[in-house]
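Coordinates in review
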Amino acid sequence: MITKEEKTKAVELTQRHKTDVGSPEAQAAILTTRIKEVTEHLKLNKHDHHSRRGLLQMVGRRKRLLKYLQEKNYEAYTALIAKLGLRK
């Protein structure tokens, strides 16, 4: 589980305006932080299949958010991919 500081840091990296916490960019940044944390957990706990399922759900949710952003605002999508360091 990510801390409040990590979540705030992820949102500040991608937010559109000062009070933005719900834009697709912010949501994808939060999910990316959570995905990285769960991935590290699974490297140590290879048999934790419940967490693996949660990880796959988070990856799918992020994929849908990015697809939505790509269709609506391609420039914001490419900027977000670069900021988060994702392969696309």
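It should be noted that the structure appears before, not after, this text.
Residues numbered from 1 in each chain as written. Predicted model: local features only at pLDDT ≥ 70, side-chain atom pairs only at ≥ 80, totals over all residues. Heavy atoms only, no water.

What follows is about the pattern of salt bridges. All told, the structure shown has two salt bridges when counted by the stated rule. For Arg16, the salt bridge goes to Glu25, with nearest N and O atoms at 3.1 Å. Between Glu40 and Lys43 there is a salt bridge; the shortest N-O distance is 3.3 Å. Of the two residues, Glu40 and Lys43 both sit in helix H2 (residues 24-44), three residues apart, roughly one turn of that helix. By relative accessible area, which is 45% here, Glu40 ends up partly exposed. (Salt bridge = Lys/Arg side-chain N within 4 Å of Asp/Glu carboxyl O. Helix = DSSP H or I, 4+ residues; strand = E, 2+ residues; numbered from the N terminus. Buried < 20%, exposed > 50% of the residue type's maximum accessible area, 1.4 Å probe, protein only.)

Without other data, these values stay purely geometric and don't point to any function.
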